Amino acid sequence: MVRVFSVILALLLSAHSARAFDWTWGGTLRLDTAHQTANKTSLLNPDGQLFDVGIWVGQGLVDLQLGVAPYPALDFTLNNRAIGTITEDGNRVDNFLEDAYLVYRLSPQFLLEVGKEKVREGVGYAWNPVDFFRTRSAAGLSQDPKEQRDHRQGHYLVRGEARWGSRGLAIVYAPEF
């Protein structure tokens, strides 16, 4: 999958004309460490003797957001999250491709989106959830609801949208993978 989006990005870069690209990018880096030990008066230590059951856990998290617009009618968006975990049992790196999609504006009234994208329709006043394709797999281990909402993997889909006046129609096709 990474190869496919690398090829798409290479094609976008090779299609570069004399005008400059519009780029947007951003990211975050977060490092967490924790040490867990048994409490002196816990059920695991009934005699009150301190023994070494300490466990060190380290976690590093890198978020990357990239947007490229080589032409006014074409945008490419990529959101990726990598989580590295270090424990006494070993190291592990998980990579979550959250979004990677192309937006092609056929005209001011029509657009087409293709790729992997999170779909959220509305703000959740009338019903919840507002993502009808949502799965419970968040891209990370956080218990924070905002982080679970913002950092979950998208769905492979094709979306067409048409607008006329104050009305609009959106059609989404998302096959199961």
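Quick caveat, the model's predicted, so the values are computed rather than measured. (Residues numbered from 1 in each chain as written. Predicted model: local features only at pLDDT ≥ 70, side-chain atom pairs only at ≥ 80, totals over all residues. Heavy atoms only, no water.)

(A) Main features of the overall build of the protein chain. Check the secondary structure of the protein chain and you find two helices and seven strands. The order of helices and strands in the protein chain, counted from the N terminus, is α-β-β-β-β-β-α-β-β. Each of the 177 residues in the protein chain was classed as buried or not, and the buried ones make up 31%. A separation threshold of at least 6 residues defines the contact pool for the protein chain, and within that pool the share at least 24 residues apart is 52%. (Helix = DSSP H or I, 4+ residues; strand = E, 2+ residues; numbered from the N terminus. Buried < 20%, exposed > 50% of the residue type's maximum accessible area, 1.4 Å probe, protein only. Contact = heavy atoms within 4.5 Å.)

(B) Expanded view of the pairing of strand β4 (residues 90–105). Two strands pair when backbone bridges link them, and strand β3 (residues 74–87) and β4 are joined in this way by 14 bridges, in the antiparallel orientation. Bridging across to β4, Asp75 finds its partner in Val103. Taking the residues that link successive antiparallel strands as the turn, the β3-β4 hairpin has two residues. Sheet topology places β4 next to strand β5 (residues 110–117); six bridges connect them, and they run antiparallel. By the bridge assignment, Tyr101 is partnered in β5 with Gly115. (Pairing = 2+ DSSP bridges.)

(C) Representation of the environment of Asp75 in the model. Structurally, the position occupied by Asp75 is in strand β3. When the C-alpha positions of Asp75 and Trp23 are compared, they lie 9.7 Å apart, and in sequence the two are 52 residues distant. In contact with Asp75, not counting residues within four places along its chain, are Val68, Ala69, Tyr101, Leu102, Val103 and Arg105. Only 2.6 Å separates the side chain of Asp75 from the side chain of Arg105, close enough to count as a polar contact. (Polar contact = N/O pair within 3.5 Å; in protein donor to acceptor, adjacent residues only side chain to side chain.)

(D) A look at the environment of Gly168. Its place among the elements puts Gly168 in strand β7 (residues 167–173). Expressed as a C-alpha distance, the spacing of Gly168 and Gln109, which sit 59 residues apart in the sequence, is 9.0 Å.

(E) Structural detail: the confidence of the model for the protein chain. Across the protein chain, pLDDT averages 76, with 63% of residues at or above 70. Per-residue pLDDT, averaged within each element of the protein chain, yields its smallest value for helix α1 (residues 2–14) (57) and its largest for β5 (93). (pLDDT = per-residue confidence, 0-100.)

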